[in-house]
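Analysis of the macromolecular model
Residues per chain are reported as follows:
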Amino acid sequence: AQSVTQLDSQVPVFEEAPVELRCNYSSSVSVYLFWYVQYPNQGLQLLLKYLSGSTLVKGINGFEAEFNKSQTSFHLRKPSVHISDTAEYFCAVSEPGNQFYFGTGTSLTVIP
Amino acid sequence: EAGVVQSPRYKIIEKKQPVAFWCNPISGHNTLYWYLQNLGQGPELLIRYENEEAVDDSQLPKDRFSAERLKGVDSTLKIQPAELGDSAVYLCASSSRTASSYNEQFFGPGTRLTVL
């Protein structure tokens, strides 16, 4: 089974500053990688996904992530955060056809 | 297009009582998932249905948890009897089977269960 590590449980950042949320996964031949966002009292919404091809993936709300196979990482970045980005962010991994494995989440707080 | 619907949104019960959660997936989605999300944790799969068949229930605690999806559309997850440790958010998700090996999952808002 896959394991997903999100090293930072909480990340405070000032508005308009850049942010990086880290995600590492256990090694496998091929994986699919995802970032989800969860706003308070809501379900998970897909931000972006990596299935194949270009290692730099762009998602909604100005987020992007880079797949690094050698480091088994899939870090999420945004060059300038907004107050509305305050939420819980989950990294997830699956092998083709298999179930999803989620990380423990990173709580992003944007400070005005 | 309506999203995944779950009810109730919140439920408070006393331990040893039964409880049931309901999920209506996105129309046309044949795969349905129930996840458990503990506080400060990511979702963990409890059971996955392909139409009305439970194809992965290895993580479902079968001594007290049960689920059904009788007509391959909506689904019910039941706990009987509930324990204090069952307090969590129960998420439902659905996806549409395609030729691709990846099927995007769409999540409902969840049911927050509190067991007193």
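Shown above is the structure to which this text applies.
The following paragraphs examine the structure supplied in this document. (Residues numbered from 1 in each chain as written. Chains lettered and ligands numbered in written order. Predicted model: local features only at pLDDT ≥ 70, side-chain atom pairs only at ≥ 80, totals over all residues. Heavy atoms only, no water.)

This brings us to the sheet that holds strand β8 (residues 75-79) of chain B. All names here are of chain B. With antiparallel pairing, four strands are arranged side by side in an open sheet as β1-β3-β8-β7. In this open sheet, the two strands that pair with only one neighbour each are β1 (5-7) and β7 (65-68). Ignoring which end each strand starts from, the neighbouring axes of this sheet average 15° apart. Relative to β8, β7 runs antiparallel, the two sharing four bridges. Each bridged residue has a counterpart across the sheet, and for F65 the counterpart in β8 is I79. (Pairing = 2+ DSSP bridges. Helix = DSSP H or I, 4+ residues; strand = E, 2+ residues; numbered from the N terminus. Axes fitted to C-alpha atoms, helices over the stretch in contact; angles between N-to-C directions.)

On to the state of the cysteines. Tallied over the entire structure, the rule returns two disulfides over all chains. A sulfur-sulfur separation of 1.9 Å characterises the disulfide bridge that pairs C23(A) with C91(A). When the S-S torsion is -65°, as for the bridge of C23(A) with C91(A), the disulfide is left-handed. On the criterion of sequence distance, the pair formed by C23(A) in the loop between β3 (19-21) and β4 (24-25) and C91(A) in strand β10 (residues 87-94) is long-range, its members being 68 residues apart. By the burial criterion, C23(A) is buried, and C91(A) matches it. Residue pairing for C23(B): its cysteine sulfur links by disulfide to C92(B), the two sulfurs lying 1.9 Å apart. Since a negative S-S torsion denotes a left-handed disulfide, the C23(B)-C92(B) link at about -70° is left-handed. Here C23(B), found in strand β3 (residues 19-24), pairs with C92(B), found in strand β9 (residues 88-95); they are 69 residues apart in sequence, far enough to count as distant. The class of C92(B) is buried, set by a relative accessible area of 0%. (Disulfide = S-S within 2.5 Å. Buried < 20%, exposed > 50% of the residue type's maximum accessible area, 1.4 Å probe, protein only.)

Turning next to the interface of chain A and chain B. Listed as interface residues are 19 residues of chain A and, on the opposing side, 19 residues of chain B. Both faces combined, the contact of chain A with chain B buries some 1,500 Å², and carbon together with sulfur accounts for 53% of it. Across the chain A-chain B interface, the total number found is three residue pairs in polar contact (both at pLDDT 80 or more). Breaking the side of chain A that touches chain B down by element, the ones donating at least two residues are β5 (32-38) and β6 (44-50) of chain A. When its residues are assigned to classes, the side of chain A that touches chain B shows 10 nonpolar, eight polar and one charged. (Contact = heavy atoms within 4.5 Å. Buried area = accessible area lost by both parts, 1.4 Å probe. Polar contact = N/O pair within 3.5 Å; in protein donor to acceptor, adjacent residues only side chain to side chain. Nonpolar A, V, L, I, M, F, W, Y, C, P; charged D, E, K, R; others polar.)

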